[in-house]
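# Breakdown of the fold
The lines below spell out each chain.
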Amino acid sequence: MTEPANERELRQEARASIVHQLPLLFALVVLWMLLWGAVSWLNLVTGLILAVVVTRVFYLPPVELSGRFNPFWLAVFVGQFFAELFVASFQVAFLALRPRRISKNSIVEVQLRTRSDLIMTIVALAMSLMPGSFVIESDRMRSRIYLHALNTKDLEGVEDVRTKTLQLERLLVRSFGSLDDIERTRK
Amino acid sequence: MSFDDILDIVSAVLVLGGAFLTLAAGVGLIRFPDALSGLHAATKPQVLGLILVVLAIAIEARSWTTLLTLVPVVLFQMLVAPTAAHMIGRAGYRTGDFRPELSLVDDLADDIDLATREADRSPRRQRS
Amino acid sequence: MNSVVISVIYITVGVMFTAGALASVYRVVRGPSLIDRVIASDVLLTTLILAAGVEMVYNGHTRSIPLMVALAATAVLGSIAVARHVSPKDSAKANP
């Protein structure tokens, strides 16, 4: 004996979850086509079937999107990310090859301001890809990440890591964070 | 010098960059003092190295399709390298595979310390 | 003259890859800890992926791309498996 209102809610929830999964399905189909290196109807159909099967079998809780999207700030983020990746890679390479040994490392706690899991994950991924820092531990409840930073000579170097992380976070929040997060990162 | 020759040289230089980063990763592995700093040398410069080599392959094949087929390689590596670094780094931190005297600041140890002390205190308060 | 420049570049590239691979093999053999060895074997695998790519550039074919894709996607599994099951007694301090 289910109540009709309850049933309607359930149906709405199901529809919402399908809408939430659409970006993921789209991304999986694109990935499938990239793997084959060709865009064709056969690839589209087999890709769609596989994507649905994969998302059903390996079910993940849907990612909460804020509904905002600003391509300009996303482009700035991607640009800055690759520029820093390029510079930092060679810095670490020279650090390995120079005669002097590295001085000191640090484990830095960074208090993020966003409440979004997705943004926190991307910030953590981006900072892990930057040579010179990787995420050693994270605290999702308090949105904190702990970064292991290479060769921080003094407290200024520690502060640099923190500023860099928060800067990336702000760019991401501006590109697809909620209005709430934008307000919070402004401070 | 034709346009083809220029492309050949560009791709050779890109490959040279990738090789340099690989060499640096190996040397860093030997020379950095503890496992956690070795992890920096290991995983990251090679992501850029991979991007450079992938560009070189696409230029040498003179085809956009090749570049697009290679996008998943870079994508996988970019998703997977941080995960591996995090898992190994965390395991290394917990097994004590790093030299504490090398760290200037260790916020994590402070916070773990604080958390353990809080956890020690709270059950006692409940029991009384 | 052009081909000479390119051969010199590729010889340098070969030397650099060999040195990098040997360095990581050294780390795998010497340890001292399990974590060190895992990190080094990861580097060795990435070096292999890059070398497969460079071979394609040098010989001008694209047949090894599936190999690169498969290796890039599965490279972590080994390190994650080890990281999950490593215990404090595997550290360098426990068995110097």
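First, a word on what this report is: a plain description of the structure on this page. Bear in mind the structure is a predicted one, so any value in this text is a computation, not a measurement. (Residues numbered from 1 in each chain as written. Chains lettered and ligands numbered in written order. Predicted model: local features only at pLDDT ≥ 70, side-chain atom pairs only at ≥ 80, totals over all residues. Heavy atoms only, no water.)

The next point concerns the interface of chain B and chain A. Facing the 44 residues of chain B at the interface are 51 residues of chain A. When chain B packs against chain A, close to 4,000 Å² is buried across both sides, 70% of that on carbon and sulfur atoms. The tally of links between chain B and chain A comes to one salt bridge. Here Arg90(B) and Glu137(A) are joined by a salt bridge, their closest N and O atoms 3.2 Å apart. Seen at the junction of chain B and chain A, the total is four residue pairs in polar contact (both at pLDDT 80 or more). At the level of secondary structure, the elements contributing two or more residues to the side of chain B that touches chain A comprise helix H1 (3–31), helix H2 (35–43), helix H3 (45–61), helix H4 (64–94), strand E1 (103–106) and helix H5 (107–127) of chain B. (Contact = heavy atoms within 4.5 Å. Buried area = accessible area lost by both parts, 1.4 Å probe. Salt bridge = Lys/Arg side-chain N within 4 Å of Asp/Glu carboxyl O. Polar contact = N/O pair within 3.5 Å; in protein donor to acceptor, adjacent residues only side chain to side chain. Helix = DSSP H or I, 4+ residues; strand = E, 2+ residues; numbered from the N terminus.)

This part takes up helix H6 (residues 179–186) of chain A. All names here are of chain A. For H6, every residue scored as buried is listed here: Asp-181, Ile-182 and Thr-185. Here the buried residues of H6 occupy an arc of 105° about the axis, which is enough to place them on one side. Exposed positions of H6 whose direction lies more than 90 degrees from the buried face are Leu-179 and Arg-186. Tucked into the core, H6 has its buried residues touching helix H5 (155–176). (Buried < 20%, exposed > 50% of the residue type's maximum accessible area, 1.4 Å probe, protein only. Arc of directions from axis to C-beta.)

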